[in-house]
Structure formats: C-alpha cells, structure tokens
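Descriptive analysis of the structure
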Amino acid sequence: MTLSNGYPAQTVIGLEVHVQLKTETKLFCGCSTTFGAPPNTQVCPVCLGLPGALPVMNDAAIELSIRAGLAIDCSIPPMTKWDRKQYFYPDLPKGYQISQFDLPICADGFIEIPDPADPDSTRHIGILRAHLEEDAGKSMHDEAAGRSDTRIDLNRCGTPLLEIVSQPDMRSSAEAKAYLQELKLRMTHLGISDCEMQEGSLRVDANVNLHIEVDGKKIATPIVEVKNMNSFRAVERAIEHEVDRQYDLWEETGKTIDDESKTTRGWDDNAGITFLQREKEESADYRYFPDPDLLPIRLPIERVEAARANLGELPGAIRIRLAQQYGIKPYDADVIVNQGPDLIAYFESAATGSGDGKRTSSWIQQDVMRTLKDRDIGIGEFPVDADSLGKLLEKVASGELDNARARDVFAHMIETGQSVEAAITALGIESVDNSELETLCQELLDANPQVAEDFKAGKQQAVGSLIGQAKKKNPNANPQQVRETLIKLLQG
Amino acid sequence: MLDSALEILRLQSAGEATAVEIAGAALDAIEASQPTINAFTHVDREAALSAAAAVDAKRAAGGRLGPLAGVPVAVKDVLCTRDMPTTCSSRMLKNFRPPYDAGVVERLRAADAVIVGKTNMDEFAMGASTENSAFGVTRNPWDTTRIPGGSSGGAAACVAAGTVPLSIGTDTGGSIRQPAAMCGVTGLKPTYGRVSRYGLIAFASSLDQVGPIGWSVPDVALMMQTIAGYDARDSTSLNLDISHYTEVLSSHDLRGLKIGILRESMDRDGVDDSVRQATLDAADVFQSIGAEMVEIDLPHNDYWVPTYYVIAPCEASSNLSRYDGAHYGHRTSDLSDSDKLGPLVTTYCRSRAEGFGDEVKRRIMVGTYALSEGYADQYYSQALKVRRLIKGDYDAAFSQVDLLLGPVTPTPAFPLGQKVDDPIQMYLCDLFTVGANLAGVPAISLPAGLDASGLPVAVQLQAPVLEESRLLFAGAAFQSVTDHHKRRPS
C-alpha cells in the first residue's frame, strides 16, 4: 500500500457522474433540450414551476435510463418512483428538484476497466445506483466593473440527468480517468448521451480520501467531495491534488474520518487547487418525500428484456470481435471503437469491400480520420462512402493501384464526390498492359547497361534506380510490376 | 333571482332571455352583494358580457352550443385563468396573472359557460372559515355576522346569495362540502383524479380535488358532466370514461340501495344537536324512498384529523417553496440589514414573511418539521401508514353498503372571529370531511334543514371511488322529496 509519491497510503475514490440523456424534450414537459439557445426561450409553465403547472413523465427518458442501466450491468427494479429534494436556490424554480431517493431506476452494477498499473489485467468498479432527476437552471453572475447582477437562465430546467454513483472502488486518478472514459464510451455508443463536458452534458463529482497505514493499522482521512469538474484532466488533477493535500493535512492535524464529516470542495483549474465550498456544520436536510404529482412507474420484466434485446453489442465486445474478424491489432480496434458506432459501421463495411482489414484500418485511422478532424465533420458527412473506400482499397490490394496513386484517387474522390472509376478516369490513370511495360523496361535497361551488370553481379536492388525513371516516363506504371518485369527481363 | 343553471338554459332556448341579459343580471347582483358578502376577489364585467355576447351570436348563427351555454359561473381564485388575476387570496400572488388556463377553466370555456370572476377563499385553501384571506373575509349570506365556511367560502356564498347558479370550488379536507353545508347549497367533491388538477394551484397535491357547487343536485351534475374527465397534463388524472351524470337523475326510487349511517361518529362531543337531528331525519327520508339503512362505523375515524394535519402540511410546505420572491409573485423591497444572511437569503425570508399569512406560515412550519431528518419517520411516514388503514376502513364499509350517510360539519356556521385564534378548534371543523380526501372517495354535501336560529344544516353522502353518479342519483332522490335545498337566505 504505497502511493506513487511514496506515501504509505491508498487513495480511495468514488465518482458521481451526471449524464444528460439525449431526449428531444425535457423530463416532465415538451420543451426542447437543445444546447445554446438564447436564455429563457426553451421554457413553459411546467419547467418554470409556475403555480398550478404539473409534471408529466417523458417515457423516452425512462427508456434511455433502462438502456444505460443495462450497459453498466445494473439491475432494473420492477418499480421506481419520484421524490422531491427540497432546497432553496434561485435557479431551482419550484424550490425542490424532482429526483429519485430510495427506489432508483438502476441499482447494483459494475464496469470492468483496463488496469492502468498492469496492462494484462482489469479492475472491477462497482456501481451503487443510477437515478433519474431533472436539471436546474443556470445563474450567471455579472460582477464586472462593480456590478453585482445575477441573471437566471432557466432553459436547462427540467433537462433529464442520470446520476451514476460508483462504489469507492478506484485507487488512483488514472483509474478514475479510465472509468470515466469507459463510461463515456458506453453512453455515447448506445446513444444515451452526447457526454459533451463543455456543454455540461457530462459532469463529475469525485469523493476522495486516503487510507493511511500507521503501525500496521489503517486510518482513513475525512472524505472530500470535489464538485462539478468539467474535463477528465481536471478530475485527474483534482484527485492528485487532494491526495497531497489530505496527506499533508493528516500529518499536520492527525484528523481522521471520525473527527470530521464530509466536506464539499470546488476545483480551480487555473490555480490547480481545490477550495472549501460548504462548511461541514451546514449539513443539508433535503426533506425527501414521494412526489404526489407523479405516480410510481412500473417497469415490467418484459420491457426490460426488450430493452436488453435491443441494446446491441457493447464496445468491449465489439473491440474483441473487430480484432478477430478483421485481423487487426487490439490497439487499432480500440481506436476505431472509440470513434463511435457510425465509424465502426463504416470500417466494417469498407473492410468487407476491400477484403483487407489491416489496410482498411490503417487508411481509416490515417486518411479518413485526419480529414474528419481537418474539416471538423462526422463520418456521416464524409464525402466518400464506405463502399467506395472498399472498392478503392480492393484495387490497391489486387495491385491494380499503388498506394501513392490510390491516395491521389482518394483525394480526388473527397474533392469531387466521384466514384472510384470516375476518379481514375478523371486523373487519366490507365492500366498499363504487359507488352507496353516490357517495351518500357527494355528501353530503360538498354539506356542503363550498368544496372544489368550490377544485377548479374548479384545486386538485385540495382533495379530500384530504374523504377523511378519508369514512373516518370509513364505515371500509370505500377512500381511493383515494373520491378517484376525488370527482373524477368534481366533473368531471361 | 336566477338560481338554477337548468332554468337559465331553458330561458335562452325558449327565447325568453339572452345570455347577455343573464350575465348582466348576475353581474349586477354580484356588485350589489360585494359590500356585504365579499364573495369575489375579481369580477370582470366586460369580459363576462363579451363572452355572453359571443354565446348569443353563436345561438343566432345556429352554431352548436356547449352544455353550459350562457350560464354564469364563478371560479375559486385557486384555479389559473389566463385573462384574470389568480391570487389564492394571498398577498404573495396579489398581482399574478398566469399565462394559461387551468384544465377545468378550459372545459368551462369550451362548454360556453360565462366566467364572471374569481371567488374569495382562505389563503392557499388553508382554512375553514374564509377568514384567512388577504382580500378580507367573506360573510355568510344567511347571517352576515357569521363565516361562510372555507376554504371555498366565496364559491359557496356567491351561489347562496343567488348571484350565480354555479361555482367551482376545491376540496382538500372538506373545502367544498363544509362551506356548501354552512351556506345551504349542494357541493360535490369528486373522486381523486376524476377532475384535472392542471392549473389548480397546489395546496396538498395528494388530497386536492376540484368540484362543483350549486343549489341543487341536477345543476351540480350538469357541471360535473362538463369538468370531469382525463387530462394528460395531470399524471394523477384517471384515464377512464366518465359516467353520464345528468342521465342518472330521473329515477327517484332507491329500492335496493343500502346506506350505512355513521352513527358513532355523529354522537361525538362537540357535534351540535341540530346536526345530529338533521342526519337522523335524512336517514328517515332515505328509508321512506326505499333505501335500506344500516349502522356502520369507520374504526380509524379518530385518526382522520391528526393524519390529515400531518400529510397536508407536509405537501403544502413543499408546494409553497416556489413562492420565494425570485421568479414571480411578491418580492420584498426591504434589503436593509441583510449583511448577516446575504441579500439572497434575506430576499427569501422577507418575501415569504411579508407574502404569507399566519395560517399558511403555521402549516409550512408544521410540514417542514414533520418532513425533517429524524422526524419524517415519526410523523410523515406514520401518517402514510394510518392513511392506508383509513382507506382500508372505507373498502370494508363499501363491501357492506353502497353509500355512507353522516354529518358534514360538527356545527352550523359560527360567528366571524370565534375560532380565528384557536387553530385546533378550527381544524376540528374538518372532523367529518377529511376521511373522503384521505381515502380519495367522492362525497356530496346536501342541505338538510335549518337550525333554531335559521342557519343551514347539511348531511354528507360518501360513495366508493368513481361512484359520483350514485351520489348524484341518491342526492337527487333526496331533493325530490325534500325542500331544504330550495330555502333561501332572506
């Protein structure tokens, strides 16, 4: 039990992840959930909490929550219900948040992640529960130039969030990051959430403390909850900061978990430190009780099983299958799977067409993904469809085109959207027949007698100098074929 | 005085009166009664007259008219109306105009009813006397030194005063039946979920229900026919076909009907002799028209009021959190000395302190306490368990009888101010009514006589869930052989 920095201690981390569900409308009303609309334009009496307005459940959020729960191996109970969590805040219009308290929609799951400390092993991270709740609005404080205005945007009010609560099973910031990456991958892969941290559709709170070994006994430091981090990097850094801070504080004060209740801290990304947000004395009493405006929801086993049947293949299984089925490296399969279901489908379709998984994987990772990045587009908007890429790479595999010519053709297809054949014609690429090639090679050998002498002296590589010249005379000449023809003539 | 909706419909179809004439008469009567009765918080003469004119025009054009065409209707000021203030008789919502109509209000408009205004009530429907109103008390038309009952005091008083034939009230623990009883009119609390709560400003969501008040059962049935039914915007709304409430009233033969009389509860201390006698007399009437009367008991009766006064304040404390001065409604203008708590918390505290009256504050505090950590199990969870027992009592009773007969209120209308400073006495006004709310069953208050000083006394019939038509059928039979409902305040 030693930390990377040498402390005789173990880091204990549990994460609470808020995932915004990808529904078209809010959790309890028909308002849009689109990000970035002008303030207070996506609101109605229900999400504003106006007197007399009543919530009505959005079934799409239930369906996505069931999918999410199944994706992290949770059980889905036969009944779930709604509770009110009461607190006063200006961006919480009703004075309570509709959430789930004792009967969450998902319970008791887990995620396997690669062990950052041992590439051959995995870590099992337990998931305590996942519950559905509505989001609150946003307060914007304008304190510039002596002003102290607060403006409230309620567009986000009522947006569906699934809060996924892990067990305190993570032992390092690297494990926390791996857990978040795997969670994000499953949520995006299954279309449950966009998980855009900049847009707030994935938010992370980390509970951190240390188990320190003293004279063979284990002492726990007080638990700290670091709230609302907006990048995986921030989560890693905040955890590392907390490890140092808590260890130093323990050395200084000797305070343990028995001396102090949980505190809440914020993360200052610029300063790289956490700071105290809520004093421990003000432990909140949310006065949870069942929301009388919403009936409990029955989730029949048939519904859960239908969702399971529709879930499709999970990223972990796809990774293994791609590696086996297309003969690519696990690392390459991982890169493709991490790009999401559309790119996986693109790869599979192109690889089937080309008959060469490795070549397809390498083209997609280099040529295709670079273009996507340069143009900031998704694979759905890519001008060359999977069939066309498959056809192109099939020509490379059969020797009809060399790699360099294929890249020219590919570039032309991207620019014009033409088919492989049309692009080849447009670029004036013709196949060179054997007699034509033999004539060309014989001319070159006649003009370069030294090559023939070197070849006969055992230097096979001598022909290499003629391949470039052949390409100059006829750009359509395939270098491999030129090499073969030259050798045949010299041996003949 | 036009006191029957059915008569108003007949006059119009016979060409003897126009909707505008009827609305004008109602508005004049309201104006004349306001200084003494104060049943209304808002009256919009122009809007009412133009709605009536639209009905007349539609009739003249041969258009299809709704079932309440040209009938003046008053709406309790707890239901949202797009074109009128909706205040809950609270300073908190004094200037609040909702951007939408309640589901019930939509249905009234669709039925071509003429909404004349909003009626006074106990603030946020909390009270039994309509004395907790930011707009002054409402007085009982039978005796203006007395309360009209509450919280739908304005809704009952405006019908009793003969200004409108029908009004809409709400009933969380008896707030339709109790003022109807004290004002000598007929009031129905429907099955929980039978009428949409969309746009009803919540007091206690699991108990609140909207219902009609009128002089007689046929009028009440007519309005029930209009307002009942499924509303997808209310998750607790029942998605079931509604009965033909107006068609069940023709037969007045109660043979085969078994009515349980709740004798044990009416023999309690504090129940007025006039109330006990009226109940016994009503039992005789029901027997005389064929019903079989049996004595029955609801064993957990003693727990009704305590259970209610835990659950209702708990829900109220939550429902009323939204009135914080931040988004709408009353906001304090006094931020002096706010350094200690900060301007935000000071805004909350002072806005709520200034906006809410004493009874509302009392219930918010009781509810907050009963839901707080360490006490929720002792009070709220315990009350939920007792509520299940109370429901069980009703189920057991209705396995033996078709209807339950008993009193509505322990006493006739009491003098203004008598119980204002004694909340427990005030809460005991709900002794006979809260059971129906806790169990979700429908119940009707029927005028059943006058006491020695000429004040109305009433009886209550309760039925199994969704059996409003049984209540209306029995109630109409009762009124066909009695004339209590025809008495008017002088």
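Residues numbered from 1 in each chain as written. Chains lettered and ligands numbered in written order. Predicted model: local features only at pLDDT ≥ 70, side-chain atom pairs only at ≥ 80, totals over all residues. Heavy atoms only, no water.

The name that an unreviewed UniProt entry assigns to chain B is Glutamyl-tRNA(Gln) amidotransferase subunit A, with the source organism given as Rubripirellula tenax. According to its UniProt record, chain B has this under Subunit (unreviewed entry): "Heterotrimer of A, B and C subunits." (UniProt positions renumbered as here; feature names shortened; annotations may be inferred.)

Chain A appears in an unreviewed UniProt entry as Aspartyl/glutamyl-tRNA(Asn/Gln) amidotransferase subunit B from Rubripirellula tenax. Here is the UniProt Sequence similarities (unreviewed entry) comment for chain A, exactly as written: "Belongs to the GatB/GatE family. GatB subfamily." Recorded in UniProt for chain A, the comment headed Subunit (unreviewed entry) runs: "Heterotrimer of A, B and C subunits."

**Some details on the overall build of chain B**
When you go through chain B residue by residue, the secondary structure sums to 16 helices and 11 strands. In terms of C-alpha radius of gyration, chain B reaches 22 Å, essentially the compact-globule figure of 23 Å for 490 residues. Each principal axis of the C-alpha atoms in chain B carries an extent, and together these give about 70 × 55 × 45 Å. Buried positions account for 63% of the 490 residues belonging to chain B. Nonlocal contacts in chain B, meaning residues at least 24 apart in sequence, comprise 75% of its contacts between residues at least 6 apart. Element-wise, carbon and sulfur atoms account for 51% of the exposed surface of chain B, whose accessible area totals about 17,000 Å². Charge separation in chain B, taken as the distance between the mean sites of 42 positive and 57 negative side-chain charges, equals 4 Å. (Helix = DSSP H or I, 4+ residues; strand = E, 2+ residues; numbered from the N terminus. Rg over C-alpha atoms; globule rule 2.2 N^0.38 Å. Buried < 20%, exposed > 50% of the residue type's maximum accessible area, 1.4 Å probe, protein only. Contact = heavy atoms within 4.5 Å. Areas by Shrake-Rupley, 256 points an atom, 1.4 Å probe, with all protein chains shown as cover. Lys, Arg positive; Asp, Glu negative; His and termini not counted. Charge placed at Lys NZ, Arg CZ, Asp CG, Glu CD.)

**Here we look at the nonpolar core**
Counting 205 residues, the largest nonpolar core has Tyr179 of chain A together with Leu108, Phe124 and Phe286 of chain B as its most contacted members. Top contributing element to this core by residue count: helix α10 (residues 304–319) of chain B, with nine residues. Not counting residues up to four positions away in its chain, the partners in contact with Leu108 of chain B are Leu68, Val73, Val75, Ala113, Ile115, Ile168, Met223, Thr226 and Ile227 of chain B. If you look at the next biggest cluster of nonpolar residues, it comprises 39 residues, including Ile336, Ala350, Ile364 and Val409 of chain A. (Core = buried A, V, L, I, M, F, W, Y, C linked by side-chain atoms within 4.5 Å.)

**Concerning the sheet that holds strand β15 (residues 289–290) of chain A**
By way of backbone hydrogen bonds, the strands of a sheet pair with one another, either parallel or antiparallel. All names here are of chain A. Strand order in the open sheet made by the three strands is β4-β3-β15, with antiparallel pairing throughout. For this open sheet the edge positions go to β4 (96–99) and β15, each flanked by a neighbour on one side alone. Here two bridges tie strand β3 (residues 83–86) to β15, and the two strands are oriented antiparallel to one another. Counterpart to Asp83 in the pairing with β15 is Pro290. (Pairing = 2+ DSSP bridges.)

**Concerning the interface of chain B and chain A**
Many structure descriptions define interface size as the accessible area lost when the parts assemble. Listed by partner, the interface residues are 36 residues for chain B and 30 residues for chain A. Summed over both sides, the interface of chain B with chain A buries roughly 2,700 Å², with 58% coming from carbon and sulfur. It is Ser235, Arg322 and His327 of chain B that lose the most area in chain B upon contact with chain A, and together they represent 23% of the buried surface on that side. At the boundary of chain B and chain A, one finds one salt bridge. Note that Asp293 of chain A and Arg197 of chain B form a salt bridge whose closest N and O atoms lie 3.1 Å from each other. Put simply, chain B and chain A have 16 residue pairs in polar contact (both at pLDDT 80 or more) between them. Here the side of chain B that touches chain A gets four residues from one element, more than from any other, and that element is α10 of chain B. (Buried area = accessible area lost by both parts, 1.4 Å probe. Salt bridge = Lys/Arg side-chain N within 4 Å of Asp/Glu carboxyl O. Polar contact = N/O pair within 3.5 Å; in protein donor to acceptor, adjacent residues only side chain to side chain.)

**Section: the environment of Ala60 of chain A**
Relative to the helices and strands, Ala60 of chain A is located in helix α2 (residues 59–71). Remark: the alpha-carbon pair of Ala60 of chain A and Thr25 of chain A, spanning 35 residues in sequence, is separated by 8.8 Å.

**So, the domain arrangement of chain A**
Residues and elements named next belong to chain A. Domains assigned within chain A are domain 1 (9–302), domain 2 (313–426) and domain 3 (434–491). Taken over C-alpha atoms, the centre of domain 1 sits 38 Å from the centre of domain 2. Facing six residues of domain 1, the contacting portion of domain 2 comprises nine residues. At the boundary of domain 1 with domain 2, total buried surface from both sides reaches about 610 Å², with 70% on carbon and sulfur atoms. Inspection of the region where domain 1 meets domain 2 yields one salt bridge. Across the pair Arg319 and Glu182 runs a salt bridge, and its minimum N-O distance is 3.5 Å. Along the contact surface separating domain 1 from domain 2 lie one residue pair in polar contact (both at pLDDT 80 or more). The element contributing the most residues to the side of domain 1 that touches domain 2 is helix α3 (residues 173–189), with four residues. Partitioning the side of domain 1 that touches domain 2 into residue classes produces three nonpolar, one polar and two charged. (Domains from an automatic or database assignment. Nonpolar A, V, L, I, M, F, W, Y, C, P; charged D, E, K, R; others polar.)

**Overview of the packing of aromatic side chains**
Scanning all chains against the criterion turns up 25 aromatic pairs over all chains. Cluster of aromatic residues (ring-pair linked, three or more members): Phe96, Phe124, Tyr323, Tyr328 and Phe356 of chain B. Geometry around Trp363 of chain A places Arg407 of chain A over its ring, the cationic atom sitting 4.8 Å from the centre. (Phe/Tyr/Trp six-rings, centres within 6.5 Å; stacked < 30°, edge-to-face > 60°. Lys NZ or Arg CZ within 6 Å of the ring centre and 35° of its normal.)

**Notes on unusual backbone geometry**
Cis geometry is adopted by the peptide bond preceding Ser151 of chain B, which originates at Gly150 of chain B and carries an omega value of 5°. With respect to the element layout, Ser151 of chain B can be found in the loop between β3 (114–119) and α5 (153–160). With a phi angle near 50°, Cys195 of chain A is a residue other than glycine that sits in the positive phi range. Of note, Cys88 of chain B is a non-glycine position whose phi angle comes to about 55°, a positive value. Among the secondary structure elements, Cys88 of chain B is positioned in the loop between β2 (72–76) and α4 (103–110).

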